[in-house]
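# Architecture and fold: a report
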Amino acid sequence: MASLDQKSPNVLLQSLCCRITGKSEAEVAHQFQYAVRVIGSNYAPTIERDEFLVSEKIKKELLRQRREADAALFSELHRKLQTQGVLKHRWSVLYLLLSLSEDPRKPSSRVGNYGALFAQALPRDAHATPFYCTRPQSLALSYGERSAGLSGSVGTSGISSLGVYTLNGPTPTPQSLLAGQPPQSAAAGAQSLGSRLAWALPISSSPSAVMAPPTTRPPLGPQVPTTRPVRPRRDGDAAGEISEPALVRDILYVFQGIDGKFIKMNAQENSYKIDSKVALCKSLRDTSSRLAELGWLHNKVRKYTDARTLDRAFGLVGQSFCASLHQELKEYYRLLSVLHSQLQVEDEQGVNMCTESSLTLRRLLVWMYDPKVRLKTLAALVDYCQGRKGGELASAVHAYGKTGDPQMRALVQHILSLVSHPILNFLYRWIYDGELEDTYHEFFVASDPNVKTDRLWHDKYSLRKSMIPSFITMDQARKVLLIGKSINFLHQVCHDRTPPGKITPASKPADTPKDAAELLSDLEGAFQEKIDAAYFDTSKYLLDVLNRNYLLLEHLQAMRRYLLLGQGDFIRHLMDLLKPELARPATTLYQHNLTGILETAVRATNAQFDNAEILKRLDVRLLEVSPGDTGWDVFSLDYHVDGPIATVFTRECMGHYLRVFNFLWRAKRMEYTLTDIWKGQMCNAKLLKTMPELSGVLHQCHILASEMVHFIHQMQYYITFEVLECSWDELWNKVQQAQDLDHIIAAHDVFLDTIISRCLLDNNSRSLLNQLRAIFDQIIEFQNAQDSLYRSALEELTLRLQFEEKKQKREDEGDWGVTAEQEAEEKRRIQEFQDTIPKMRSQLRILTHFYQSIVQQFLVLLMTSSDESLRFLSFRLDFNEHYRAREPRLRASLGATRGRRLSNI
């Protein structure tokens, strides 16, 4: 047992302390205690942890001493050591050997004061936030060089940082806490490990040795005059005035939010107050009040974190925010532990005099300046983030990062990297797998589980604009939404089982806050590239599937050919076949009969060469029947859509197609009717030449028919070329250039809206549409009137021819052609027919008047339309100014009309 105790770490450490100081075990108790604390801390040398570099230094040192054989032996032993996994910290072993190899007898290694290291604070972990300072490999190994470099550049990064000399090394204590400094000659060269430890050990345990003045530079705090009277360290004196050390002890408790003996929290004023009964000079009272503000700030931040940490509804982003605040508070507590350690060291050494190395309020005020600024930033951030969660919370933190202070910007950026980490994880899971696991509604993509599959693209997923972080643009958020929506659309609607990893290769996710910080620092570079790559790959694959497997473009062209009457031969032949059926009352029609006629028209025209998938979707539809309707009024073609293509051709879109088809079908019927009217006129013109009394009426019919033909031809030109063809060309170009399905849907919606508006089917053109329908009705009435005229005229012509035949036949037989009674009867009948001609003429005159008045009203409405193409249409309809002479409102020029319209606006 004795041999085991002699080899224990405590015995060996105590022996090392005795060996370095040259004192007995009883005299090194204080140094041994501090050495145990040093070993238990995260102490790290201020050099790069590079095993190869240290081994090369050892070899160079052996070669410098002309020990080539030892250098070769060391290299071989080091190689064997690397192949074995016995030691985990080979670098530390090599560094210790290198340090022990240094000669402790060099004059430059000796120091005159050994109180430095044991008065120094415990080393600390890595800083809470990243910062920028001198690179570790550029720093010297010797303590003197580090001390000299420290005075030149000081950086702060966690709340506990007062002076920084390494990137991830220990936090040095302010230099005024040190009882002594190494001599200036220490910077001359490398020093041994024993020498560096010897700097920290006091020569004697007397207070005078501890209070020895520094030999290299003055302390960070204000200078304490040597002529100042010595004041005992005690809580009060006979006059009731408390001492400054007692205030320091109270202040350290207040820093942690704990009421001290003299400084306590005033609940009414919500601040720390010094007991009014305590006698204290104004300067100390003011300084204490300024320092007590850190306790108030600490309480504010701590209260927020304690309240939110256990709140699950706060979400992952909120918990990350609380974790970042806890991390900063941990750094703050580490600083307080350093200060408490210094105060404890002074008490243990029996220091009861105010010396240059002791803690004072003025020194605390200087050292706590940076932590106070950081706590103020955290407290302001806590106030600003009240009531926020998810992406909205990240936006609030990001807003605070727009500051000119690099330290505060680094602090906020570090907090932002922690806060944005869950958001980026949500984002990557969404764009690479299409999965949305947002239990607390923190992500800016929202999902509605009640939406059915057929409305997945339009209604299931949407953007929560309030949750879009301010560092993500609206365009990026829209692309993120489309990527995940496309993946789900492929799986659920298109039934495509291709893994998302084959559609777009997944890049490295933001596994750690450090990865998130790197992405946030390059939002327009790497982050944008990841979003764009996933967006283009996923959208391109979706469009390929829709075009290849579901014939999206072919269905779009079928809509143009059949529902928008683009297949001319098919539409003309269908009208010829349907004419007998559609002339009947609507109540006598049967859909199966019309479907058979439709199939006959398909087989007889070029429509038969279309894809069978398209033809089987073409069908007949009968609209709701109203009293007096004929087949022309209720007939309509229909096109059945389902599956993925129903996402583009929605019910609303098909309703628009139905409205446009009915309008085009009626306009086509007018053209078909006027063709029949013209054929009737041409066929009957020669027959009725023998009836000169009809020449005036027939002339009226020809003139009115010409007006109607001109009107319908111009309207057909406008609808076919200026509306349908131009809009279709724009749609097709946009579809060919579309990058995602939303672009196709948007272009298709614009196409339908355009033709609905320019075909006078929107609410703004209701009066124009009513006038146009009235004109169509007049054409039908004119057809009926002309048919009635021709029927009566042809009947009369037939009777006259029969009378002449009988007369000629009897003359050929040698009899009298007619008797007086027959001749009188014939004249009476002719007279009766001639008496009906004025009635026909007046009927045509009334019909012409009504038609022309309606056309005039229609032209006036066109002239006042906001659409320039409709105003130009009015000039084509009245190309010879026939209606302009009748209507004064049509005499205004286009320029005057436009100017008057703009002035009215």
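Residues numbered from 1 in each chain as written. Predicted model: local features only at pLDDT ≥ 70, side-chain atom pairs only at ≥ 80, totals over all residues. Heavy atoms only, no water.

Scanning the chain from terminus to terminus reveals 34 helices and six strands. Evaluated residue by residue, the chain yields a buried proportion of 47% over its 905 residues. In the chain, once contacts between residues fewer than 6 apart in sequence are set aside, the share between residues at least 24 apart is 75%. Split by element, the accessible area of the chain, about 45,600 Å² in all, is 54% carbon and sulfur. (Helix = DSSP H or I, 4+ residues; strand = E, 2+ residues; numbered from the N terminus. Buried < 20%, exposed > 50% of the residue type's maximum accessible area, 1.4 Å probe, protein only. Contact = heavy atoms within 4.5 Å. Areas by Shrake-Rupley, 256 points an atom, 1.4 Å probe, with all protein chains shown as cover.)

Turning next to a positive patch on the surface. Where like charges cluster on the molecular surface, the positive patch consists of Arg659, Arg666, Arg766 and Arg773. Elements supplying a minimum of two residues to the positive patch: α27 (651-687) and α30 (766-812). (Patch = residues over 30% accessible without salt bridge, like charges linked within 9 Å, V, L, I, M, F, W, Y side chains within 5 Å. Salt bridge = Lys/Arg side-chain N within 4 Å of Asp/Glu carboxyl O. Lys, Arg positive; Asp, Glu negative; His and termini not counted. Charge placed at Lys NZ, Arg CZ, Asp CG, Glu CD.)

The subject of this paragraph is a negative patch on the surface. The grouping of Glu804, Glu811, Asp812, Glu813 and Asp815 at the surface amounts to a negative patch. Counting through the fold element by element, Asp815 comes out in the loop between α30 and α31 (820-863). Of the residues examined, Asp815 reaches a relative accessible area of 42% and is grouped as partly exposed.

This paragraph deals with a nonpolar patch on the surface. Together, Val86, Leu87, Val93 and Leu97 give the surface a local cluster of nonpolar side chains, amounting to about 340 Å² of exposed area. With respect to the element layout, Leu97 can be found in helix α6 (residues 90-101). On the accessibility criterion, Leu97 (46% relative accessible area) is partly exposed.

Here helix α14 (residues 369-384) crosses helix α15 (residues 390-400) at 145°, and the two axes come no closer than 10 Å. Considering how the two elements wind past one another, α14 and α15 form a crossing that is right-handed. Seen from α14, the contacting residues are Ala380, Leu381 and Tyr384; seen from α15, they are Ala396, Val397 and Tyr400. Its residues placed into classes, the contact of α14 with α15 shows six nonpolar, no polar and no charged. (Axes fitted to C-alpha atoms, helices over the stretch in contact; angles between N-to-C directions. Left-handed = near helix turned anticlockwise from the far one by under 90°. Nonpolar A, V, L, I, M, F, W, Y, C, P; charged D, E, K, R; others polar.)

Attention now moves to unusual backbone geometry. One non-glycine residue, Asn270, adopts positive backbone phi at about 55°. By secondary structure assignment, the location of Asn270 is in the loop between β1 (263-266) and β2 (271-274). By relative accessible area, Asn270 is classed as partly exposed at 45%. Residues other than glycine seldom take positive phi values, yet Leu565 does so here, at roughly 60°. Mapping Leu565 onto the fold places it in the loop between α22 (552-563) and α23 (568-582). Residue classification places Leu565 among the buried positions, given a relative accessible area of 16%.

What follows covers the state of the cysteines. In the structure shown here, the tally under the stated rule is zero disulfides. Not engaged in a disulfide, the cysteine Cys322 finds its nearest cysteine sulfur in Cys385; these two sulfurs lie 10.0 Å apart. Relative accessible area serves as the criterion here: at 1%, Cys322 is assigned to the buried category. (Disulfide = S-S within 2.5 Å.)

Moving on to the confidence of the model for the chain. Averaged over every residue, the pLDDT of the chain is 79; the share at 70 or more is 78%. A low-confidence stretch, residues 107-239 (pLDDT under 50), is modelled with 298 contacts involving residues beyond four sequence positions or located in other chains. Confidence over residues 894-905 falls short of pLDDT 50; this stretch has 11 contacts with residues more than four positions distant or in other chains. (pLDDT = per-residue confidence, 0-100.)

As a further point, take the pairing of β2. Regular strands show a simple pattern: their side chains alternate between the two faces of the sheet. Pairing of β1 with β2 involves four bridges; the strand directions are antiparallel. What sits directly across from Met265, in β2, is Tyr272. What sits between β1 and β2 in their antiparallel hairpin is a turn of four residues, with Asn270 showing a positive phi close to 55°. (Pairing = 2+ DSSP bridges.)

We now examine the packing of aromatic side chains. The full count for this structure, using the stated rule, is 20 aromatic pairs. Between the aromatic rings of Tyr304 and Phe314, the centroid separation amounts to 6.4 Å while the plane-to-plane angle is 80°, which identifies the pairing as edge-to-face. In this pair, Tyr304 is assigned in helix α11 (residues 282-309) and Phe314 in the loop between α11 and α12 (315-348), connecting sequence segments 10 residues apart. On the numbers, 5.9 Å between centres and 50° between planes, the contact of Phe426 with Phe443 is tilted. In this pair, Phe426 is assigned in helix α16 (residues 406-433) and Phe443 in the loop between α16 and β3 (445-447), connecting sequence segments 17 residues apart. This pair shows no difference in class: Phe426 is buried, exactly as Phe443 is. A connected cluster of aromatic rings, assembled from ring pairs, spans Trp632, Phe635, Phe661, Trp665 and Tyr672. The ring of Tyr461 carries Lys460 above its face, with NZ or CZ at 5.8 Å from the centroid. For the cation-ring pair, Lys485 lies above Trp457, with the distance from its terminal atom to the ring centre recorded as 4.6 Å. (Phe/Tyr/Trp six-rings, centres within 6.5 Å; stacked < 30°, edge-to-face > 60°. Lys NZ or Arg CZ within 6 Å of the ring centre and 35° of its normal.)

Between α22 and helix α28 (residues 695-737), the shortest axis-to-axis distance is 12 Å and the interhelical angle comes to 175°. The angle between α22 and α28 places the two elements in the roughly antiparallel class. Residue-level inspection shows Leu553, Leu556, Gln557 and Arg560 of α22 in contact with α28, the latter providing Leu724, Glu725, Trp728, Leu731, Trp732, Val735 and Gln736. Broken down by class, the residue content of the contact of α22 with α28 amounts to seven nonpolar, two polar and two charged. (Parallel < 35°, antiparallel > 145°, perpendicular 65-115°, else oblique.)

This part is about the pairing of strand β6 (residues 635-639). Counting buried positions along β6 gives five out of five residues, so the element sits mostly inside the fold. Alternating positions in β6 separate into two faces, Phe635, Leu637 and Tyr639 on one and Ser636 and Asp638 on the other, with burial throughout. Two elements, strand β5 (residues 618-622) and β6, share five bridges in a ladder whose sense is antiparallel. Bridge pairing in β6 links Asp619 to Asp638.

Before going further, it helps to examine the side chain of Ser55. Secondary-structure assignment places Ser55 in helix α4 (residues 51-64). Ser55 sits in the buried class, given a relative accessible area of 2%. From its side chain, Ser55 meets the backbone oxygen of Phe52 in a polar contact 2.7 Å long. Residues within four places of Ser55 in sequence aside, it is in contact with Phe74, His78 and Leu94. (Polar contact = N/O pair within 3.5 Å; in protein donor to acceptor, adjacent residues only side chain to side chain.)

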